[in-house]
Amino acid sequence: VCSSDLPILLFAVLTLACQRFDYYGEAFSTSQVESAESVLAKLASGEDSVETTFRAEVAGVCQKKGCWMELDMGNEQTALVRFKDYGFFVPFDAAGEEAIVHGVVKVDTLSVEWLKHQAFDAGKSDSTIALITEPEVSISVIATGVALPEVEVLEEEIGEEAEEVSEASAVEAV
């Protein structure tokens, strides 16, 4: 690590240490979290699977039960996250949040049946679902736990942002 990177690294560590989470599934440590890019690099280097804790933005969530989610892994890649033993669910409105996921990541072939089920859960039209005719090779995660930013913290931040906008509008009006 270059000495000029230390302030940035320290800021990132302090931000993570101060962040509060709602946990789904098993609770886990968030002290050593990899990037999605790092996980993809391990898979690209030939590892069959990687047990890890990593962060990525939630791209979508099952709108029927919250029983799966998709993560944006960067480089126009997504990962399908399913929850071990169907043991927990995540909130329907988690899309756009940064999740920290603990589990096993691997490259997997998703069956046509699963892809159609996933499209149905996501609210896709019958005509879109009918177009699914081939299996898909994808990044797959079996998660034992997921951490999302604590809801109360998000509500506080939204409230503070609204106050700042109101104050700015009041100043402009004067």
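One can find the structure itself at the top, above this paragraph.
Residues numbered from 1 in each chain as written. Predicted model: local features only at pLDDT ≥ 70, side-chain atom pairs only at ≥ 80, totals over all residues. Heavy atoms only, no water.

Chemist: Lay out the overall build of the protein chain in plain terms, naming residues and giving numbers.
Modeler: Helices and strands together make up the secondary structure of the protein chain, namely five helices and seven strands. For the protein chain, the α and β elements follow one another from N to C terminus as α-β-β-α-β-β-β-β-α-α-β-α. As displayed, the protein chain offers around 10,700 Å² of accessible surface, 54% of which is attributable to carbon and sulfur atoms. (Helix = DSSP H or I, 4+ residues; strand = E, 2+ residues; numbered from the N terminus. Areas by Shrake-Rupley, 256 points an atom, 1.4 Å probe, with all protein chains shown as cover.)

Chemist: Could you give me a rundown of the nonpolar core, with the residues and numbers involved?
Modeler: Residues Phe 54, Met 69, Leu 71, Val 101 and Val 146 are the most contacted members of the largest nonpolar core, which totals 27 residues. Looking at this core, the elements that each hand over two or more residues are helix H2 (36-44), strand E3 (49-61), strand E4 (68-74), strand E5 (77-83), strand E6 (98-110) and strand E7 (136-149). Beyond its immediate sequence surroundings of up to four residues, Met 69 is in contact with Val 58, Gly 60, Val 61, Ala 79, Leu 80, Val 81, Phe 83, Val 90, Ala 99, Val 101 and Val 146. Counting 10 residues, the second largest nonpolar core, distinct from the first, contains Cys 62, Cys 67, Leu 115 and Ile 129. (Core = buried A, V, L, I, M, F, W, Y, C linked by side-chain atoms within 4.5 Å. Buried < 20%, exposed > 50% of the residue type's maximum accessible area, 1.4 Å probe, protein only. Contact = heavy atoms within 4.5 Å.)

Chemist: Hey, could you go over the side chain of Asp 121 for me, with residue numbers and the actual values?
Modeler: Its place among the elements puts Asp 121 in helix H3 (residues 112-121). Within the buried core, Asp 121 has no salt-bridge partner, and the shortest N-O distance to an opposite charge, that of Lys 64, equals 5.8 Å. Among the polar contacts listed, one links the side chain of Asp 121 to the side chain of Trp 68, at a separation of 3.2 Å. (Lys, Arg positive; Asp, Glu negative; His and termini not counted. Salt bridge = Lys/Arg side-chain N within 4 Å of Asp/Glu carboxyl O. Polar contact = N/O pair within 3.5 Å; in protein donor to acceptor, adjacent residues only side chain to side chain.)

Chemist: Can you explain the pairing of E6? Please cite residues and give values.
Modeler: Regular strands have side chains that alternate between both faces of the sheet. Relative to E6, E3 is paired through nine bridges, and the arrangement is antiparallel. Bridging from a neighbouring strand, Phe 54 pairs with Val 101 of E6. Sheet topology places E6 next to E7; 11 bridges connect them, and they run antiparallel. Paired with Lys 106 across the two strands is Ser 140, which belongs to E7. (Pairing = 2+ DSSP bridges.)

Chemist: Mind laying out the packing of aromatic side chains, listing which residues take part and the relevant values?
Modeler: Each aromatic ring pair is characterised by the separation of its centres together with the angle its planes make. Applying the stated criterion across every chain yields a total of four aromatic pairs. On the basis of an interplanar angle of 40 degrees and a centroid distance of 4.6 Å, the ring pair of Phe 83 and Phe 88 is categorised as tilted. Here Phe 83 and Phe 88 have matching classes, each one buried. For the ring pair Tyr 86 and Phe 89, a centre distance of 5.3 Å and an interplane angle of 85 degrees mean the geometry is edge-to-face. (Phe/Tyr/Trp six-rings, centres within 6.5 Å; stacked < 30°, edge-to-face > 60°.)

Chemist: Pulling in residues and values, what's your account of H3?
Modeler: Looking at H3, one finds that the buried residues are Trp 114, Leu 115, Gln 118, Ala 119 and Asp 121. Taken around the axis of H3, the buried residues stretch over an arc of 160 degrees, which confines them to a single face. In this structure, the buried side of H3 is in contact with E4, E5, E6, helix H4 (126-130) and E7. The first or second residue beyond H3 is Gly 123, which carries a positive phi of 85 degrees. (Arc of directions from axis to C-beta.)

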